[in-house]
Amino acid sequence: MAKKLKPYIAALGFILPFFVLYTIFTIWPVIKGVYVSFHKWSLMGKQKFIGVDNYTKLFTDKNFVGALKNTFTFVIITAPLLVIVALILALLANRPTKLKKFLRTCYYLPCVLSVSVASFIARYLFAPYRGFINGVLHGLGLMAPEVELQWLQDSNLVWATISSMTVWWTVGFSMMLYISALQDISPQILEAASIDGASKAQQLFHVTLPLLKPTTWLVILLQVIACFKVFGQIYLITGGGPASSTRPLIQYIYETAFNKSNMGYAAAMSYVLFFILVVLSLLQQYIQRKGEREE
Amino acid sequence: MKTKAVIGKVVLTVISVILALIFIAPLIWSLAVSFQIEGKQIVSVWDWFKLPYTIHNYIDIIKTSAVPIWTINSLVIAVVSTALTVILSSMAAYAIAKIKFKGRNLIFFYFLLGLLVPGEATIVPLFITANNLNMIDTYAGLILPSIAGSMNMIIMVSFFKGLPNELIEAVRIDGGGELAVFFRIILPLSKAVISTVCIFAFIGSWNNYLWPLLCAMSQSKFTLPIGIPTFAGTYTIDYVKPLTAGMVASLPMIILFLIFERHIVEGVTMSGIKG
């Protein structure tokens, strides 16, 4: 009997520390959040049970709808850009030149920065008058000296600012995924296509891109998921402005919970985000499994 | 036909180099600004790059600001998080991969669920939980929630499963316990996967923003990502000090990246494929 128990005790000892932290900090909050969302709950603690009021409020709260819309706007503008730019950079940095390593390092380097430093640099880059971008546009004579683009104030330009900053800062990650997929394409296939008379462009569109399809699906999903989680760079660059026009969902959740001390309502809003992200992650798992089977 | 191909190649190379310069230009500009004398008259953008340079800003930041404290906090938190992540994840992964016991598939499934839980969507209840445990504004609160992540564990399980059972059995037959197997066989054979998880955990912790923003209340507990943006409020008139602080916060990571580029790239692709 003692011998039979031995593997259990050993396994328990090995698993327990991880199990405890995982349960307390990953799984428990998901359950606790449901409970919180059915209550009026301030930073100080529980006040009273209010049923689904926090959820019905979502439909009439203009700020919530606005924040959700802003998050979707960000996803729709930024995610496709991230995928396309990643692919282009990967193709450029995978060409057999002496610059290969230099190019990869340059394209990836901004990824090393933390969100606060990247946002911080972006704030000064896009600032009018002495900022770098307007300065370069003036310096190269692309913009009249008296014109100053208000990258952070104009409600259309501000999305260009946030989106281009996000691409600059994070595209290296997807590029690396593409490069590793490109390296898995055997050179014989391309050689065979070339012997059959396919031009470089034909090889790209009829051989390379179709072979990259599983990676493209993966990159699309990873980027859509990452874009739905947007918070730091918007919060730090525009603060959600001008006039809440860029405030993303997570920022509204954060402000509701910690500035307005309405944890219950913030928890209810979180589940909208939670639901969107779970569906996307399930889709991602499905695509990955499918990709692995095809290999 | 041939000249056309050569021209095409040159054009692509030129484009790729221009893009590379665009990608690093913001960093080079920030670096140049950080070496400028504060209060310098800036007429055109090129003035930011002109001599004379000074390292006075760096000395000032290190001597008079809280940046050194935040750096130490970031370092301590990142090192402890990384160590705990590697130890706890590899232990759990070992049990799941190599010890036969009933219910291990169930436990593994339970650990897989974490892949679906977006941390960003549970910050409110996580804050309440940490608060109940009196962990807000403590190092424990900053460190512990990020330790037990599903992904690191899963990467390790799939790696450990590939290790040969014969070696493990040999140690067990010699009377060695599971600890002996773990320390003498598993860990030495797993340097590759451990270094990947290390790099990941370290970068993740170093750059973590949302949780420390909630958890660190007092300046003395701030990490660099939380502290650096407070500079923007205090010194908006001049770019020099804030960008110097940004550089102080980033240079260690940039240097680490340049040294460990190959490992980091491998880790990135692995996480993308497994994640």
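Notes on the overall build of chain A
Working step 1: Broken down by element type, chain A carries 13 helices and two strands.
Working step 2: Dimensions along the principal axes, computed over C-alpha positions, put chain A at roughly 75 × 70 × 30 Å.
Working step 3: A separation threshold of at least 6 residues defines the contact pool for chain A, and within that pool the share at least 24 residues apart is 69%.

Side note on the overall build of chain B
Working step 1: In terms of regular secondary structure, chain B is built from 13 helices and zero strands.
Working step 2: Reading the secondary structure of chain B in the N-to-C direction produces α-α-α-α-α-α-α-α-α-α-α-α-α.
Working step 3: For chain B, the C-alpha radius of gyration of 24 Å lies well beyond 19 Å, the compact-globule estimate for 275 residues.
Working step 4: Dimensions of chain B, computed from the C-alpha atoms along their principal axes, are close to 75 × 70 × 35 Å.
Working step 5: Evaluated residue by residue, chain B yields a buried proportion of 42% over its 275 residues.
Working step 6: Pairs at least 24 residues apart make up 75% of the contacts formed inside chain B by residues separated by at least 6 positions.

What to know about the interface of chain B and chain A
Working step 1: With 72 residues of chain B at the contact, the number on the chain A side is 76 residues.
Working step 2: For the side of chain B that touches chain A, the residue count by class is 55 nonpolar, 13 polar and four charged.

Here we look at the environment of B:Ile123
Residues and elements named next belong to chain B.
Working step 1: Turning to its location among the elements, Ile 123 is positioned in helix α5 (residues 123-132).
Working step 2: Its 27 C-beta neighbours within 10 Å are what place Ile 123 among the buried residues.
Working step 3: Those residues in contact with Ile 123 that lie beyond four places of it in its chain are Leu 210 and Leu 214.

Regarding the pairing of strand β1 (residues 39-42) of chain A
All names here are of chain A.
Working step 1: Covered by surrounding structure in β1 are His 39 and Trp 41 only, the residues Lys 40 and Ser 42 on the alternate face being uncovered.
Working step 2: With four bridges joining them, β1 and strand β2 (residues 45-49) adopt antiparallel strand pairing. What sits directly across from Ser 42, in β2, is Gly 45.

A look at the packing of helix α4 (residues 100-108) of chain A against helix α1 (residues 2-34) of chain B
Working step 1: At their nearest, the axes of α4(A) and α1(B) sit 8 Å apart, and the two run at 35° to each other. Both α4(A) and α1(B) take part in a crossing whose hand is left-handed. Contacts between α4(A) and α1(B) involve A:Phe102, A:Leu103, A:Cys106 and A:Tyr107 on the former and, on the latter, B:Ser16, B:Ala20, B:Phe23 and B:Ile24.
Working step 2: For the contact of α4(A) with α1(B), the class distribution of residues is seven nonpolar, one polar and no charged.

Topic: the domain arrangement of chain B
Residue and element names in this part refer to chain B.
Working step 1: Along its sequence, chain B is organised into domain 1 (1-54) and domain 2 (57-273).
Working step 2: A straight line from the C-alpha centre of domain 1 to that of domain 2 covers 34 Å.
Working step 3: Contact residues are listed per partner, giving eight residues for domain 1 and nine residues for domain 2.

Structural notes on the nonpolar core
Working step 1: One finds A:Ala86, A:Met175, A:Tyr178, B:Ala92 and B:Val124 to be the most contacted residues of the largest nonpolar core, which totals 156 residues.
Working step 2: Residues lining this core come from more than one domain, with at least three contributed by each of domain 1 (1-54) and domain 2 (57-273) of chain B.

Examining the environment of B:Leu75
Working step 1: Of note, B:Leu75 is situated in helix α3 (residues 67-98).
Working step 2: Once the C-alpha coordinates of B:Leu75 and B:Leu224 are considered, the two residues, 149 residues apart in sequence, prove to be 9.3 Å apart.

Re the confidence of the model for chain A
Working step 1: Taken residue by residue, chain A gives an average pLDDT of 88. The fraction at 70 or more is 98%.
Working step 2: The spread of mean pLDDT over the elements of chain A runs between helix α6 (residues 132-139) of chain A, the lowest at 83, and helix α3 (residues 62-93) of chain A, the highest at 95.

Some words on the environment of A:Leu209
Working step 1: Within the secondary structure layout, A:Leu209 lies in helix α9 (residues 200-211).
Working step 2: Considered as a pair, A:Leu209 and A:Phe59 are 150 residues apart in the sequence and their alpha carbons are 42 Å apart.

Comments concerning the pairing of β2(A)
Within a regular strand, side chains alternate between the sheet's two faces.
Working step 1: Of all the five residues making up β2(A), zero are buried; the element is thus mostly uncovered.
Working step 2: Between the antiparallel neighbours β1(A) and β2(A) lie two residues.

A few points about unusual backbone geometry
Residues and elements named next belong to chain A.
Working step 1: Positive phi is not limited to glycine here, since Ser 244 has a value of about 60°.
Working step 2: Structurally, the position occupied by Ser 244 is in the loop between α11 (232-237) and α12 (249-259).
Working step 3: Of the residues examined, Ser 244 has 16 C-beta atoms within 10 Å and is grouped as partly exposed.

Considering α6(A)
Working step 1: By the burial criterion, the buried members of α6(A) are A:Phe132, A:Ile133, A:Asn134 and A:Gly135.
Working step 2: Immediately beyond the C-terminal end of α6(A), within one or two residues, lies A:Gly141, with a positive phi of roughly 75°.

Brief notes about the confidence of the model for chain B
Detailed reading of predicted coordinates is not advised where the pLDDT is low.
All names here are of chain B.
Working step 1: Mean pLDDT over chain B stands at 86; residues scoring 70 or higher make up 95%.
Working step 2: Taken element by element, chain B is modelled with least confidence in helix α13 (residues 240-274), mean pLDDT 79, and with most confidence in helix α6 (residues 139-143), mean pLDDT 95.
Working step 3: We note a pTM of 0.89 for the whole complex and an ipTM of 0.87 for its interfaces.

What counts, and at which threshold
Residues numbered from 1 in each chain as written. Chains lettered and ligands numbered in written order. Predicted model: local features only at pLDDT ≥ 70, side-chain atom pairs only at ≥ 80, totals over all residues. Helix = DSSP H or I, 4+ residues; strand = E, 2+ residues; numbered from the N terminus. Contact = placed C-beta atoms within 7 Å. Rg over C-alpha atoms; globule rule 2.2 N^0.38 Å. Buried ≥ 20, exposed ≤ 12 C-beta atoms within 10 Å, placed from the backbone. Nonpolar A, V, L, I, M, F, W, Y, C, P; charged D, E, K, R; others polar. Pairing = 2+ DSSP bridges. Axes fitted to C-alpha atoms, helices over the stretch in contact; angles between N-to-C directions. Left-handed = near helix turned anticlockwise from the far one by under 90°. Domains from an automatic or database assignment. Core = buried A, V, L, I, M, F, W, Y, C linked by C-beta atoms within 7 Å. pLDDT = per-residue confidence, 0-100.

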